[in-house]
Amino acid sequence: MEYNTQQPHLTLAEYGRHVHKMVMHCKAIKNRDERNRCANSIITVMGTLNPQLRDVPDFKHKLWDHLFVMADFDLDVDAPYTKPSRETFQSKPDRMKYPSLDIRYKHYGRIVEKLINEGAEMPDGDMKKYFVELLANLMKRHYLNWNRDSVNDEVIVQHLKELSKGKLKLDESFNFKATQDIIIQNKQRPQQGSGFGGKKQFHKRGKFRKKY
């Protein structure tokens, strides 16, 4: 009896050992035309075993790359695509750059700062006034996510003025949403994000399911 631990290592385990043996058999074929026919047959089998790859753009190219990988890049056939090199798969990807822009107040987030910058460029008028009022309440909501106990509305006013470099101001008659109302809304928000319109509706739907 042969155990997997005694078998050669599978380069791409998702294709199984039989496909790897087919690849090794293909490498051993001396006649080039017959070797080409064998390689194309293996590609067909690989596509059948992994139908999910058909959703990948240019999936045929991916199958041929996998074939060469399983052959340890030592398969001489007429492939419809350029033969990949070993270095292509062994080299490390370039290090991704992480955004290093400073955020003045991290509890508001980068999006709020972008909204403030856009609002500062808006022409004066009712639309800008309404935008600033919505923005102020949004800043208060974000602030309460960070400090759930309390918030001084004057702090929000000062931060809005500071981040907009004095371009955005609230009317003296403006009243923020009540702190307690925002805290309650923040607690309820995860349930409102449910795909079924909240947890309550999800349970109601379950009541009408048939039991088998």
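Look a little higher up for the structure.
Residue positions are given per chain, counting from 1 as you read along its sequence in written order. pLDDT decides what is reported in this predicted model: residues at 70 or higher carry local features, side-chain atom pairs at 80 or more are listed and counted, and totals for whole chains, interfaces and linings draw on all residues regardless. Note that water and hydrogens are dropped before the side-chain values are worked out from all heavy atoms of the structure.

Engineer: So, the overall build of the protein: which residues are in play, and what are the values?
Structural biologist: Tallying secondary structure elements over the protein gives nine helices and zero strands in all. Throughout this description, buried means an accessible area under 20% of the type-specific maximum (1.4 Å probe, protein chains only), exposed means over 50%, and partly exposed covers the range between. Within the span of the protein, comprising 212 residues, buried residues form 32% of the whole. Only heavy atoms matter for contacts: two residues are in contact if any of them lie within 4.5 Å across the pair. Taking the contacts inside the protein whose residues are at least 6 apart along the sequence as the reference set, 51% of them involve residues at least 24 apart. Carbon and sulfur atoms form 51% of the exposed surface of the protein, whose accessible area is close to 16,200 Å². Helix numbering and strand numbering both begin at the N terminus, where a helix is a DSSP run of H or I of at least 4 residues and a strand a DSSP run of E of at least 2. Here the open area of atoms and residues is found with the Shrake-Rupley method and a 1.4 Å probe, where only the protein chains shown may cover a residue.

Engineer: Give me the packing of aromatic side chains: which residues, what numbers.
Structural biologist: Two aromatic rings, drawn from Phe, Tyr or Trp (for Trp, its six-membered ring), form a pair once their centres lie within 6.5 Å of each other, and the interplanar angle then sorts them: stacked below 30 degrees, edge-to-face above 60, tilted otherwise. Taken as a whole and judged by the stated rule, the model has three aromatic pairs. For the pair Trp 64 and Phe 68, a centre-to-centre distance of 6.4 Å together with 40° between the ring planes defines the contact as tilted. Of the two residues, Trp 64 and Phe 68 are both situated in helix α3 (residues 59-70); the distance of four residues between them amounts to about one turn of the helix. The same class applies to Trp 64 and to Phe 68, which are both buried.

Engineer: Can you tell me about the side chain of His 159, naming the residues and giving the values?
Structural biologist: Inspection of the secondary structure assignment puts His 159 in helix α7 (residues 153-163). The residues contacting His 159, other than those within four sequence positions of it, are Tyr 105, Tyr 108 and Met 139.

Engineer: Please give an account of the pattern of salt bridges that cites residues and values.
Structural biologist: By definition, a salt bridge exists where a carboxyl oxygen of Asp or Glu is found within 4 Å of a side-chain nitrogen of Lys or Arg. Tallied over the entire structure, the rule returns ten salt bridges. The closest approach of N and O atoms between Asp 76 and Arg 32, which form a salt bridge, is 2.8 Å. Here Arg 32 lies in helix α2 (residues 32-49) and Asp 76 lies in the loop between α3 and α4 (86-90), a separation of 44 residues in the sequence. Judged by relative accessible area, which is 46%, Asp 76 ranks as partly exposed. Arg 32 gets classed as partly exposed once you look at its relative accessible area, which sits at 30%. We note a salt bridge from Lys 128 to Asp 124, for which the minimum N-O separation is 3.3 Å. Lys 128 gets classed as buried once you look at its relative accessible area, which sits at 10%.

Engineer: Let's hear about the side chain of Asp 65: which residues, and what values?
Structural biologist: In this structure, Asp 65 sits in helix α3. Here Asp 65 sits buried without a salt bridge, and the closest side chain of opposite charge, Lys 62, lies 7.1 Å off (N-O distance). The contacts of Asp 65, once residues within four sequence positions are left out, are Pro 84 and Phe 89. In this count, Lys and Arg are taken as positive residues and Asp and Glu as negative ones, while His and the chain termini are left out.

Engineer: Which residues make up a nonpolar patch on the surface, and what are the values?
Structural biologist: On the surface, Met 22, Val 45 and Leu 49 cluster together into a nonpolar patch covering about 210 Å² of accessible area. Note that Met 22 resides in helix α1 (residues 16-28). Patch membership requires more than 30% relative accessible area and the absence of a salt bridge. Residues of like charge join within 9 Å; the nonpolar side chains Val, Leu, Ile, Met, Phe, Trp and Tyr join within 5 Å.

Engineer: Explain the packing of helix α6 (residues 126-146) against α7 to me, using residue names and the numbers behind them.
Structural biologist: To obtain each axis, a line is fitted to C-alpha atoms, and for helices this fit is confined to the stretch in contact; angles are then taken between N-to-C directions over 0 to 180 degrees. Running from N to C, α6 and α7 point in directions that differ by 115°, and their axes come no closer than 10 Å. Both α6 and α7 take part in a crossing whose hand is right-handed. Across the interface between the two elements, Val 132, Leu 135, Ala 136, Met 139, Lys 140 and Tyr 143 of α6 pack against Asp 153, Val 155, Ile 156, His 159, Leu 160 and Leu 163 of α7. Here the term charged refers only to Asp, Glu, Lys and Arg, the term nonpolar to Ala, Val, Leu, Ile, Met, Phe, Trp, Tyr, Cys and Pro, and the term polar to all other amino acids, Gly among them. Of the residues belonging to the contact of α6 with α7, the class tally is nine nonpolar, one polar and two charged. By convention the crossing between two helices is left-handed if the near helix lies anticlockwise of the far one by an angle smaller than a right angle, and right-handed if it lies clockwise.

Engineer: Could you give an account of unusual backbone geometry, with specific residues and numbers?
Structural biologist: Its identity as a non-glycine residue notwithstanding, Asp 72 has a phi of 60°, on the positive side. Here Asp 72 is to be found in the loop between α3 and α4. Taking the relative accessible area as the measure of exposure, Asp 72 reaches 41% and is therefore partly exposed. Of note in this structure, Lys 165 is not a glycine but carries a positive phi near 55°. Within the fold, Lys 165 resides in the loop between α7 and α8 (179-192).

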